[in-house]
Amino acid sequence: MNKPYVIDTTFTKVNYQEKALIKADYEACTFKECNFSNTFLDNQNFADCEFIGCDLTNANIAHTTFNVATFTKCKLLGLNFFTCNPMFLSLHFKDCNLSLSNFSQMDLNNIHFIDCSLEQVDFTNTQLISSVFKGSNLKNCIFSNTNLDKADLTTVTNLMLNPEENSLKKTRINLHSLPGLLKKYDIVVEY
């Protein structure tokens, strides 16, 4: 059975907890202030879609395709992004709360997290080459066997990771983040 095809449509203030989003291929659609919290978004296809001010907390996104999906001012708590369809995956986040989400074992090269809260996000075994974390809070993020080569971490806060367990070639950091790289050694950095 073929899914319906929805193009160039704006959905505003829809509560998908009351009535589920129909299984479809969505292209160039905009979702504004919609509530997807604790809903099933699995097996959906979003291409060139934008989510603005939406709540996707704990939504099931298993096998969902996000082909150029932009999230702005969204609440994305506890999402298991690693369950998404990796084919054509392209995500952009601005001013979002992604705390407690999981991006483990994903290829997220060139991803942008702009002014986001990434508290306790899991980036274990994740490829983040040339990614940008501009103005984002990385408090208690899990970086283990993560490739951050050429990533821009110059304006992050609460950076803490072990350089021996992660790849950091040509990674850009701010001098104020240096203590977060040396915490393992119990070194006190004064500046």
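Remember, it's a predicted structure, so these values are computed and weren't measured experimentally. Numbering of residues starts from 1 in every chain and runs along the sequence as written. Under the rules for a predicted model, residues below a pLDDT of 70 receive no local features and side-chain atom pairs below 80 are neither given nor counted, while totals for whole chains, interfaces and linings still include all residues. Excluding hydrogens and water, the side-chain figures rest on all heavy atoms present in the structure.

A. Geometry of the nonpolar core. To form a nonpolar core, buried Ala, Val, Leu, Ile, Met, Phe, Trp, Tyr and Cys residues must be joined to one another through side-chain atoms within 4.5 Å. Residue exposure (1.4 Å probe, protein chains only): buried if accessible area is under 20% of the type maximum, exposed if over 50%, otherwise partly exposed. Core analysis: the biggest nonpolar cluster contains 52 residues, and Phe-31, Phe-71, Phe-93 and Phe-103 have the highest contact counts within it. Secondary structure follows DSSP: runs of H or I at least 4 residues long count as helices, runs of E at least 2 residues long count as strands, and numbering of each begins at the N terminus. For this core, the secondary-structure elements that each account for two or more residues are β5 (45-52), β6 (65-72) and β7 (91-94). Whether two residues are in contact is decided by their heavy atoms, any of which lying within 4.5 Å being enough. Residue contacts for Phe-103: discarding those within four places in its chain leaves Phe-81, Leu-91, Phe-93, Leu-98, Leu-108, Phe-113, Val-121, Asp-122, Phe-123 and Thr-126.

B. Broad picture of the pairing of β5. When DSSP finds two or more bridges between a pair of strands, those strands are recorded as paired. Pairing of strand β3 (residues 25-27) with β5, which is carried by three bridges, proceeds in the parallel orientation. Bridged to Tyr-26 within β5 is Phe-46. For strand β4 (residues 30-32) and β5, the ladder comprises three bridges, and the chain directions are parallel. Residue pairing for β5: Lys-32 is matched across the bridge by Ile-52. Sheet topology places β5 next to β6; seven bridges connect them, and they run parallel. Across the sheet, Cys-49 pairs through a bridge with Ala-69, a residue of β6.

C. Expanded view of the pairing of β7. Of the two faces of β7, the one lined by Leu-91 and Phe-93 is fully buried and the one lined by His-92 and Lys-94 carries no buried residue. Looking at chain direction, β6 and β7 are connected through four bridges and run parallel. Along β7, the bridge assignment pairs Phe-71 with Phe-93. The pairing of β7 with strand β8 (residues 112-114) spans three bridges and is parallel. For His-92, the partnering residue across the bridge sits in β8 and is His-112.

D. Quick look at the side chain of Asn-137. Mapping Asn-137 onto the fold places it in the loop between β8 and β9 (152-153). Contacts of Asn-137, omitting those with residues within four sequence positions, involve Cys-116, Ser-117, Leu-118, Glu-119, Thr-157 and Asn-158.

E. Looking closely at the pattern of salt bridges. Within this document, salt bridges are pairs made up of a side-chain nitrogen of Lys or Arg and a carboxyl oxygen of Asp or Glu, the two lying within 4 Å of each other. Enumeration according to the criterion identifies three salt bridges in this entry. Put simply, Lys-13 and Glu-33 hold a salt bridge, and the shortest N to O gap is 3.7 Å. Residue Lys-13 is located in the loop between β2 (10-12) and β3, and its partner Glu-33 is located in the loop between β4 and β5; the two are separated by 20 residues in the primary sequence. By relative accessible area, which is 47% here, Glu-33 ends up partly exposed. For the salt bridge of Arg-172 with Asp-152, the shortest nitrogen-to-oxygen distance reads 3.3 Å. Placement of Arg-172 in strand β10 (residues 172-173) and of Asp-152 in strand β9 is noted, with a sequence separation of 20 residues between them. Note on Arg-172: relative accessible area 49%, which makes it partly exposed.

In short, the description is geometric, and any link to function would need to be established separately.
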